[in-house]
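Per-entry structural report
Each chain, letter by letter, is given below.
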Amino acid sequence: VPIGPLGFNAVQSLAFAGGNLWAWDLQAGLLAVDPTTGAATDVAPSVGAVVDVQWLSERADGRLVGGRTAVHLIDTATGLGSLIGGSFGDMRGGTR
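In this text, all values refer to a predicted model and were calculated from it rather than measured experimentally.

Another aspect to go through is the nonpolar core. Counting residues in hydrophobic clusters, the biggest one holds ten residues: Ala-15, Ala-17, Trp-22, Trp-24, Leu-30, Val-51, Val-53, Leu-56, Leu-64 and Ile-74. Those elements giving two or more residues to this core turn out to be β1 (11-17) and β2 (20-25). Once you skip the residues sitting within four places of it in the chain, Ala-15 turns out to touch Asn-20, Leu-21, Trp-22, Leu-56, Ser-57 and Leu-64. The next biggest cluster of nonpolar side chains, apart from the first, holds six residues, and it includes Ala-23, Ala-28, Val-33 and Ala-40.

Before going further, it helps to examine the pairing of β1. Relative to β2, β1 is paired through six bridges, and the arrangement is antiparallel. Considered in β2, the bridge of Ala-17 is made with Asn-20. Once β1 ends, the chain turns through two residues before running back antiparallel as β2, passing Gly-18 with a positive phi of about 60°.

This next bit is on the pattern of salt bridges. Scanning the entire structure with this criterion turns up three salt bridges. Notably, a salt bridge pairs Asp-52 with Arg-68, separated by 3.5 Å at the nearest N-O pair. Here Asp-52, found in the loop between β4 (40-42) and β5 (55-58), pairs with Arg-68, found in the loop between β6 (64-67) and β7 (71-74); they are 16 residues apart in sequence, far enough to count as distant. According to the relative accessible area criterion, Asp-52 is partly exposed, its value standing at 33%. By relative accessible area, Arg-68 is classed as partly exposed at 23%. Salt-bridge contacts for Arg-63 lead to Asp-61; the nearest nitrogen and oxygen are separated by 3.7 Å. Among the ionic contacts, a cluster of salt bridges with common partners joins Arg-59, Asp-61 and Arg-63.

Now for the sheet that holds β4. One open sheet accounts for four strands, arranged β1-β2-β3-β4; its pairing is antiparallel. Of all strands in the sheet, those bounded by a partner on one side alone are β1 and β4. In this sheet, adjacent strand axes meet at a mean angle of 30° when their direction is disregarded. Note that strand β3 (residues 29-33) and β4 share three bridges and pair antiparallel.

Here Asn-9 lies in the segment before β1. Residue Asn-9 is classed as exposed on the basis of its relative accessible area of 84%. Once the C-alpha coordinates of Asn-9 and Ala-32 are considered, the two residues, 23 residues apart in sequence, prove to be 15 Å apart.

This part is about the side chain of His-72. Its location among the elements puts His-72 in strand β7. On the basis of relative accessibility, which here comes to 11%, the residue His-72 falls in the buried class. If sequence neighbours within four positions are ignored, His-72 has contacts with Val-51, Asp-52, Leu-64, Val-65, Gly-66, Gly-67, Gly-81, Ser-82, Leu-83 and Ile-84.

Calculation notes
Residues numbered from 1 in each chain as written. Predicted model: local features only at pLDDT ≥ 70, side-chain atom pairs only at ≥ 80, totals over all residues. Heavy atoms only, no water. Core = buried A, V, L, I, M, F, W, Y, C linked by side-chain atoms within 4.5 Å. Buried < 20%, exposed > 50% of the residue type's maximum accessible area, 1.4 Å probe, protein only. Helix = DSSP H or I, 4+ residues; strand = E, 2+ residues; numbered from the N terminus. Contact = heavy atoms within 4.5 Å. Pairing = 2+ DSSP bridges. Salt bridge = Lys/Arg side-chain N within 4 Å of Asp/Glu carboxyl O. Axes fitted to C-alpha atoms, helices over the stretch in contact; angles between N-to-C directions.

Below, the structure is given as structure tokens:
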């Protein structure tokens, strides 16, 4: 059954973490997604996409991580990313 639309045009990744569905948009940054309707909400409209994210994944502790050329811990309350590490060429996927 199709759901949506998200309402954002540059979504790069979707992941469940901490019991919620999240998406990353290249302009807006972190989005909270309603899994029933597909509608997305910008977690922090004033922040935007402050880290380079092409993939999202849930860590074993339930927290959200994402990245592309480095791995960032994504704060789901603020949409901000904290560098965990890495120096990758162009990593397009991650999983725990």
